[in-house]
Amino acid sequence: MKLDLYTLGVFYMVYSFLGWVGETVVATVRGGRFTNRGVAAGPFCFVYGVAAVLMAVGFADLRGRPVYLFFACMLVATVTEWVTAKLLERLHRRKWWDYSHKKFNLNGYVCLQYSVLWGALGAGSVLWGDDLLLKLCALIPGWLLHPAVWVVLAVAVLDQVSSAILVGQYAARHPYLEQLNQKLEQRSDSLRSRIALYVERRIQHAYPEAAKPRAAAAQGEEAPLSAADLLWLFVIGALVGDFTETIFCRVTAGVWMSRSSLVWGPFSVVWGLALALATVLLRQNRDKSDRYLFAFGTVMGGVYEYVCSAVTELLFGTVFWDYSKFKFNLGGRINLLYCFFWGIAAVVWMRYGYPLVIRLMTKLRSRVRPWMTVALAVFMTVNMVTSALALARYDARTSGTAPASRVDLLLDEHFDNARMERIYPNAKKVQKTG
């Protein structure tokens, strides 16, 4: 059996459960009483599932190189934990865990001790755990596995969304927790009240850092970015990235070529997501040194580009860039030189690009009507969905698969091989085995 949506869904849930078991056992032993370490209502720590899926998708080709595999898993798990901690703090205005008392920590979010542990556990999952789960999946008939995965994932999404809402309410009202508890108990016949009370009490026990009173906001602190701000930053980053790569190819290779990720318009989704994510994670740390920003961009950019390469190959059967001819490359997906470029991009963006864009957005905000943002969101969504369908059909068509529906016929008509190869000139089809 091979990796696909259903097996990855199994990986996500199983490793989320195993992560919850490990965290709960450790917290229970240390605290002397049972401590449920999950934020969701169910017995899951979904950050473990995310990391496991990223490792399964990205590092299967490193199984014959265990040392590289260990460090790759260590890096991805560390970045996943750091990003998760940072996003939780941005969303709820408080830290959920703090490793400041441990040696070799970064912002209190990650530390070397646990990074080494994550590397060992991640390598073990890729070398042995994933194979075991694939064998177990092969024993389950498709008619049972497929709907079961959809149902479980749907429940998991609902669990995460509802828990996130309740945790957000908890974060906002925590200073008055006792009063809230009394009100909730008075309305104990409400299922929502019962769940909210359960989650809030659990947070106190499992995440003492999150239960600490929130410090008052510093004067002049930047307001959080809205969803509309992030959308515009994503689009601007996608345009800037496409323009930058196009000029770079012209200067280095002497040719003009499309560097777009989408079938309509000059948009690089990889760059757009990278700049939006870097903005969310680094905007409060702009006072850090250039070396800090460069190191952050180098490491995060390398991990991000590697995962993007592996995920797109899995989804579309195509490699969109190949650095095998570069020195110090890892699987042809990343190389040291371009990782340094990511570091430089982080410094330039946070020092010059982001302040300039924010000033322009502030001046233009009064002129941008809500319907414009909605229209842009709809266009980008349709663009990305159409591009994904066109790429999937291109992969199937070049593998000799005949059109099976009207959608396939429509894609064949409007996005034939010549057009797809013009949009994605560096794309190389991966030879599938088995």
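Let me begin by describing the structure that accompanies this report. As the structure is a prediction and not an experimental result, all values here were calculated from the model.

**Details of the overall build of the chain**
Thought 1: Along the chain, the regular secondary structure elements total 15 helices and six strands.
Thought 2: The buried share of the chain, reckoned over its 434 residues, is 44%.
Thought 3: A fraction of 70% describes how many contacts in the chain between residues 6 or more apart in sequence connect residues 24 or more apart.
Thought 4: Accessible area for the chain stands at about 23800 Å²; split by element, carbon and sulfur atoms hold 68% of it.

**With respect to the packing of helix H11 (residues 290–316) against helix H12 (residues 336–364)**
Thought 1: With their axes 7 Å apart at the nearest point, H11 and H12 run at an angle of 125° to one another. Considering the angle they form, H11 stands oblique to H12. Every pair of crossing elements has a handedness; the one defined by H11 and H12 is right-handed. Here H11 contributes Asp 290, Leu 293, Phe 294, Gly 297, Thr 298, Gly 301, Gly 302, Tyr 304 and Glu 305 to the contact with H12, which in turn contributes Cys 339, Phe 340, Trp 342, Gly 343, Ile 344, Ala 346, Val 347, Met 350 and Arg 351.
Thought 2: Residue classes in the contact of H11 with H12 are distributed as ten nonpolar, five polar and three charged.

**With respect to the packing of aromatic side chains**
Thought 1: Throughout the structure, instances matching the rule amount to 25 aromatic pairs.
Thought 2: Between the aromatic rings of Tyr 48 and Trp 118, the centroid separation amounts to 5.8 Å while the plane-to-plane angle is 90°, which identifies the pairing as edge-to-face. In this pair, Tyr 48 sits in helix H2 (residues 46–58) while Trp 118 sits in helix H4 (residues 112–139), placing the two residues 70 residues apart along the sequence.
Thought 3: You can call Trp 118 buried: its relative accessible area is 14%.
Thought 4: Clustering of aromatic rings is evident, with ring pairs tying together Phe 248, Tyr 323, Phe 326, Tyr 338 and Phe 341.

**Some thoughts on unusual backbone geometry**
Thought 1: Despite not being glycine, Phe 104 shows a phi value in the positive range, around 55°.
Thought 2: Its relative accessible area of 65% is what places Phe 104 among the exposed residues.

**A short note on the side chain of Asp 242**
Thought 1: Along the chain, Asp 242 falls in helix H9 (residues 227–253).
Thought 2: For the buried Asp 242, no salt bridge exists, and the shortest N-O distance to an oppositely charged side chain is 6.8 Å, to Arg 259.
Thought 3: Among the polar contacts made by the side chain of Asp 242, one reaches the main-chain amide nitrogen of Ser 260 at a distance of 3.0 Å.
Thought 4: Contacts of Asp 242, omitting those with residues within four sequence positions, involve Arg 259, Ser 260, Pro 266, Phe 267 and Ser 268.

Reading the values: the criteria
Residues numbered from 1 in each chain as written. Predicted model: local features only at pLDDT ≥ 70, side-chain atom pairs only at ≥ 80, totals over all residues. Heavy atoms only, no water. Helix = DSSP H or I, 4+ residues; strand = E, 2+ residues; numbered from the N terminus. Buried < 20%, exposed > 50% of the residue type's maximum accessible area, 1.4 Å probe, protein only. Contact = heavy atoms within 4.5 Å. Areas by Shrake-Rupley, 256 points an atom, 1.4 Å probe, with all protein chains shown as cover. Axes fitted to C-alpha atoms, helices over the stretch in contact; angles between N-to-C directions. Parallel < 35°, antiparallel > 145°, perpendicular 65-115°, else oblique. Left-handed = near helix turned anticlockwise from the far one by under 90°. Nonpolar A, V, L, I, M, F, W, Y, C, P; charged D, E, K, R; others polar. Phe/Tyr/Trp six-rings, centres within 6.5 Å; stacked < 30°, edge-to-face > 60°. Lys, Arg positive; Asp, Glu negative; His and termini not counted. Salt bridge = Lys/Arg side-chain N within 4 Å of Asp/Glu carboxyl O. Polar contact = N/O pair within 3.5 Å; in protein donor to acceptor, adjacent residues only side chain to side chain.

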